[in-house]
Amino acid sequence: QDRIILGPQTHEEGFAEWLRQRDQSAMVLTDKDFMKTHLFNAAELAVKVNHPGPVHHVLGSPKTDAYGQTLGGAVQVQAKPRPIKKTIDHDEVLIRMLAVPVDDSMVYAELKKAGVCLGMTGVGRIEQAGSRVEDFKPEDAVLILPKPAKYSAEKPVGSARTLVTCNVEDVIKVPNEILEELTPEQISLTPVVVAAYTVLEQYGSKLKPGDSVLMNAAHMSVSGSALLQLCKLLKLKPLCLLPLPGAPKNTVKGEYGSKSAWQDADTRQVPPPTVRAAYERISELLVTMGAEEVFPDAAALLRWRDRNQRMLPKLALDGIASRDSVGQLIHCLQPGDKDTQIVVYGHGTAQPIEVAPPLLAAWGGKINGFHISRWVHSSSANPKKMVAIMENVTKLVRSNKFVIDTVLYKVGEDPISDAFARAADPTDSSQVVLIFPTLAEELQTSTEEQRKEKQRQLAVADQETQRRKEEEERDKLKTEWLNLLFTEQSVAAMSPEGPLPSSFDGGETRTPSNLLIWIGDNPKGDSVVLKDIASSLGSSALLSMAWTEHPAGEAYSEFNLKAPEVVDGSWYMRDRPAFENQDLDMLHDVELLGRSLVESVESRLNEYGLDWKNVVLMGFGKGAGVALYAVLLKLFPKPIGSLLLFSPVVLFPSFLGEKMQAINTGPAPVPAMKMFAVWGNRNRSTPGTYRQLLTQVLRKAPQVHCTPDTLPEADHSFDAKCGAVLQQLLSLALPR
């Protein structure tokens, strides 16, 4: 009806109406919907890896200084089993590695963190292929050679492991013709051999038979030996520089083309015998492989050229790429207008190349870099060309015109550090190649390690169970021992060690009315102060007990009250669970000394005909602590008259309070015994935390009424100042 009224709709109005009538939710397309309905689901296309266990990885870590900063030089390596990915993606292949060459890029890898799997190339066989991989099948032999920009030097593809997962674009199939003639370790060196072939083809195409080629570090790895052998086949004359560590370094310095640049070099230095022997051995090997002459440095080459009137080379190949190698090679080449070139093809120690601008300007030649991986991936025809080159090399190997010398190290069996040390050794020309265990060996190793791990865990569990049993038994014995302390069934009660010896007798010793007992830590020093007090005692007798001379006090007297745990109060704070054997021994000694003290006092009371209420017990330090233990834990048969203590050192007040509550089951005596505690405010052996804890314990003791006091400017010693305070306190403490 609306159409009849309004007339026919325009195309724009019809499209707008169609949009309004559509389901709005169907018009919204999220990235999640796109992944589900419009793009394949990567998880569904992933292929599960069949190998169940871990495999060996060759892991590298950079050398670091004391502050954790990475240092240059060779990396530290180790071989360890590590787990692998559980699945491979649709465009990936799982390769069972057979051989990986150890080159400078592995030895001097520029790593930033530890535990990085090394290796950028190698040969292996396809173990599994992704669901969309059509060009490769299981057991196909492939060469790993990824694009140079795809993986960084800090995180390589990691070919040095038994199983490697990589993309199909990172591998090249190895033809059967090569497989039949060459071993896997020789095939793994394909990039190196092809690089040597291509360098000579690209940069030496204008050279004629009989022309010279300057080679630096031709003795290192298979790259140098391949170049020498190819030069020999092309009838070129290689001139080799052989720099060895430890040899005199005669560098050419100065203007390009001038004799003074090399004539001024000091040639009087003689290399050590070992370096000389290595030089002669390697020189002979290089000449055998095709070198015309071998020189220790550029200065020696220029002297030889001047002596023999030879033409300088037009092409130099630098396989070591050190800091000054290019500069030295420039001095040994013809000027740049003769189409002279230097090709840097070695990774070296990853140092920057330094060339003085005046030298480069005066020379005028070209410095080129060559990287086999970049060359292979620069053109679609180059991978086929690489395979064709390797097939030609295979024919040369078959006819004994080309030799690939390798040294094998098996990962998981041979020490990997030795392999890398040999690869970094400039005096060793053999190419080090890593070979890997089979998957059956990996499973066996994994099973064996799992068995050992289970045995180790069982052994640890057994040790833990045994340790727990021993701890429980030890705790049980400790609890029993602590419960018996200061009871009639204790070892000290059953086996007493006799009374304490006395070091001083003073006052009224015939018919005294009171008996004053002193127990301090220094009997000789205390006697000096006690003599002055004894002269003013009247009818009281004074007796000093030398507990330090008793057999039970030998170990306790040697305990250091200046130890850190005493000064900070932590020793005093120990409770029953924290007691050690030494603590148990000291508690036993304190009980022995307390019972010996009671025995000594009892004999004097019997001698003088006095009662326990006529006893005033005084003490200092550890001796005062022994006296307090004896009084509070009722080692005395009856309550004594009073207690005067100076800086008492009481072992573990918490334990004293615990034992005191267990013993004090009857009614409290009336009145309570007077107790005076005098502390030195500079005494570090009795810290404040300990005093507070002891005060709390004494508040719970119904049989004593403690009056604390502080002696200013007093440390842990009993001197004349303490003696004066003691005389004042005696007037309050003596029974009346």
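Further up the page is the structure itself.
Conventions and cut-offs
- Residues numbered from 1 in each chain as written.
- Predicted model: local features only at pLDDT ≥ 70, side-chain atom pairs only at ≥ 80, totals over all residues.
- Heavy atoms only, no water.
- Helix = DSSP H or I, 4+ residues; strand = E, 2+ residues; numbered from the N terminus.
- Rg over C-alpha atoms; globule rule 2.2 N^0.38 Å.
- Buried < 20%, exposed > 50% of the residue type's maximum accessible area, 1.4 Å probe, protein only.
- Contact = heavy atoms within 4.5 Å.
- Phe/Tyr/Trp six-rings, centres within 6.5 Å; stacked < 30°, edge-to-face > 60°.
- 1 Å grid on protein atoms, 1.4 Å probe; cavity = no way out; pocket = protein on both sides within 12 Å on 5 of 7 lines; lining within 4 Å.
- Points joined across faces, edges and corners; volume = space filled by probe spheres on them.
- Nonpolar A, V, L, I, M, F, W, Y, C, P; charged D, E, K, R; others polar.
- Patch = residues over 30% accessible without salt bridge, like charges linked within 9 Å, V, L, I, M, F, W, Y side chains within 5 Å.
- Areas by Shrake-Rupley, 256 points an atom, 1.4 Å probe, with all protein chains shown as cover.
- Salt bridge = Lys/Arg side-chain N within 4 Å of Asp/Glu carboxyl O.
- Lys, Arg positive; Asp, Glu negative; His and termini not counted.
- Charge placed at Lys NZ, Arg CZ, Asp CG, Glu CD.
- Pairing = 2+ DSSP bridges.
- Axes fitted to C-alpha atoms, helices over the stretch in contact; angles between N-to-C directions.
- Polar contact = N/O pair within 3.5 Å; in protein donor to acceptor, adjacent residues only side chain to side chain.
- Disulfide = S-S within 2.5 Å.
- Expected span 1.5 Å × (residues − 1).

(A) Region of the structure containing the overall build of the chain. Across its full length, the chain carries 27 helices and 25 strands. For the chain, the C-alpha radius of gyration of 47 Å lies well beyond 27 Å, the compact-globule estimate for 736 residues. Each principal axis of the C-alpha distribution contributes one length, and for the chain these read about 130 × 115 × 55 Å. When burial is assessed residue by residue, the chain has 47% of its 736 residues classed as buried. Look at the contacts in the chain between residues 6 or more apart in sequence, and 80% of them connect residues 24 or more apart.

(B) Layout of the packing of aromatic side chains. The full count for this structure, using the stated rule, is 14 aromatic pairs. Between Tyr-572 and Tyr-690, the aromatic rings sit 3.8 Å apart at their centres with planes inclined by 20 degrees, giving stacked as the arrangement. Within this pair, whereas Tyr-572 is found in the loop between α22 (564-567) and α23 (581-608), its partner Tyr-690 is found in helix α26 (residues 688-699), the two being separated by 118 residues in sequence. Note on Trp-679 and Tyr-690: the rings are 5.9 Å apart at their centroids and 85 degrees apart in plane angle, and the pair reads as edge-to-face.

(C) Main features of the layout of surface pockets. Looking at the largest pocket, its volume works out to about 1100 Å³. Around the largest pocket, the lining is made up of 45 residues, and of these Asp-103, Ser-105, Tyr-345, His-347 and His-371 lie nearest the centre. Elements that contribute at least two residues to the lining of the largest pocket include exactly α5 (104-107), α8 (190-203), α9 (221-233), α15 (372-378) and β18 (431-435). If one sorts the elements of the lining of the largest pocket by residue count, α8 sits on top with four residues. Split into classes, the residues belonging to the lining of the largest pocket amount to 24 nonpolar, 14 polar and seven charged.

(D) Structural context of a negative patch on the surface. On the surface, a cluster of negative charge is made up of Glu-472, Glu-473, Asp-475 and Glu-480. Asp-475 sits in the partly exposed class, given a relative accessible area of 39%.

(E) View of the sheet that holds strand β24 (residues 673-680). One open sheet holds the seven strands; their spatial order is β19-β21-β20-β22-β23-β24-β25, and the pairing between them is mixed. Both edges of this open sheet fall to β19 (502-507) and β25 (704-711), since each of them pairs with a single strand only. The average undirected angle you get between the axes of adjacent strands in this sheet is 15 degrees. Most of the contacts of helix α20 (residues 523-534) go to β19, to which it runs at about 5 degrees, and overall it touches β19, β20 (514-519) and β21 (540-545). Its contacts with the sheet place α23 against β19, β20, β21 and β22 (615-620), and it is angled at close to 155 degrees to β20.

(F) Quick look at the side chain of Ser-61. Relative to the assigned elements, Ser-61 resides in strand β2 (residues 55-61). For Ser-61, the side chain forms a polar contact with the main-chain nitrogen of Gly-115, separated by 3.3 Å. Once residues within four sequence positions are removed from consideration, Ser-61 is found in contact with Val-75, Gln-76, Leu-111, Lys-113, Ala-114 and Gly-115.

(G) Local environment of the pairing of strand β8 (residues 141-144). Residues Ala-141 and Leu-143 of β8 are buried on one face, and the alternating residues Val-142 and Ile-144, pointing to the opposite face, are buried as well. Pairing analysis gives four bridges linking strand β7 (residues 122-129) to β8, with the strands arranged antiparallel. Bridging from a neighbouring strand, Gly-122 pairs with Ile-144 of β8. As paired strands, β8 and strand β10 (residues 171-173) are joined by three bridges and run antiparallel to one another. Paired with Val-142 across the two strands is Lys-173, which belongs to β10.

(H) Representation of the sheet that holds strand β3 (residues 76-82). A sheet is described by the order of its strands in space; here three strands give the open sequence β3-β2-β6, paired in antiparallel fashion. With partners counted over all chains shown, the strands left at the sheet margins are β3 and β6 (116-117), one partner each. Across seven bridges, β2 lies against β3 in antiparallel orientation. Looking at β3, one finds that Val-55 is bridged to Arg-82.

(I) Fine view of unusual backbone geometry. Its identity is not glycine, yet Asn-400 carries a phi of approximately 60 degrees, on the positive side. In this fold, Asn-400 is placed in the loop between α16 (382-398) and β17 (406-410). Of note in this structure, Phe-652 is not a glycine but carries a positive phi near 45 degrees. One can find Phe-652 in the loop between β23 (642-646) and α25 (653-663). With a relative accessible area of 0%, Phe-652 lands in the buried category.

(J) Looking closely at empty space enclosed by the protein. Under the definition given, this model contains four cavities of 30 Å³ or more. Volume-wise, the largest cavity comes out at about 80 Å³. Every residue lining the largest cavity is listed: Leu-143, Ile-172, Lys-173, Val-174, Pro-175, Ile-178, Ile-187, Thr-190, Met-386, Val-387 and Met-390. Broken down by secondary-structure element, the contributors of at least two residues to the lining of the largest cavity are β10 and α16. Each residue belonging to the lining of the largest cavity can be placed in one class, and the counts come to nine nonpolar, one polar and one charged.

(K) Just the state of the cysteines, in detail. Considering all chains together, one arrives at zero disulfides under this definition. The thiol of Cys-332 is unpaired, and the distance to the nearest cysteine sulfur, on Cys-240, comes to 12 Å. With a relative accessible area of 0%, Cys-332 lands in the buried category. You can see Cys-722 has no disulfide; the closest cysteine sulfur is in Cys-706, sitting 16 Å from it. With relative accessibility at 4%, the residue Cys-722 sits in the buried group.

(L) Local environment of the pattern of salt bridges. Evaluated as defined, the whole model comprises 27 salt bridges. For Asp-170, the salt bridge is made with Lys-150, and the minimal N-O distance between the two is 2.9 Å. Residue Asp-170 is found in the loop between β9 (163-167) and β10, and its partner Lys-150 is found in the loop between β8 and β9; the two are separated by 20 residues along the sequence. Taking the shortest distance from any N to any O, the salt bridge between Lys-206 and Asp-339 comes out at 3.1 Å. Of this pair, Lys-206 sits in the loop between α8 and β11 (212-216) while Asp-339 sits in the loop between α13 (325-331) and β15 (341-344), placing them 133 residues apart in sequence. Note on Lys-206: relative accessible area 66%, which makes it exposed. One network of salt bridges, with partners in common, ties together Glu-464, Arg-467, Arg-468 and Glu-471.

(M) Structural view of α8. Helix length check: α8, at 14 residues, gives a terminal C-alpha distance of 20 Å against a target of 20 Å (1.5 Å per residue), a fit within 8%. Among the 14 residues in α8, 10 count as buried, and that is most of the element. Buried within α8 we find Thr-190, Pro-191, Val-193, Val-194, Ala-195, Ala-196, Thr-198, Val-199, Leu-200 and Tyr-203.

(N) Quick peek at the side chain of Gln-328. With respect to the helices and strands, Gln-328 occurs in helix α13. In this structure the side chain of Gln-328 is engaged in a polar contact, spanning 2.9 Å, whose partner is the backbone nitrogen of Val-252.

(O) Up close: the pairing of strand β14 (residues 315-318). Burial along β14 is two-sided: Leu-315 and Leu-317 facing one way and Ala-316 and Asp-318 facing the other are all buried. Bridge analysis of β11 against β14 gives three bridges, and the strand direction is parallel. Along β14, the bridge assignment pairs Asn-216 with Asp-318. As judged from the four bridges shared by β14 and β15, these two strands associate in the parallel manner.

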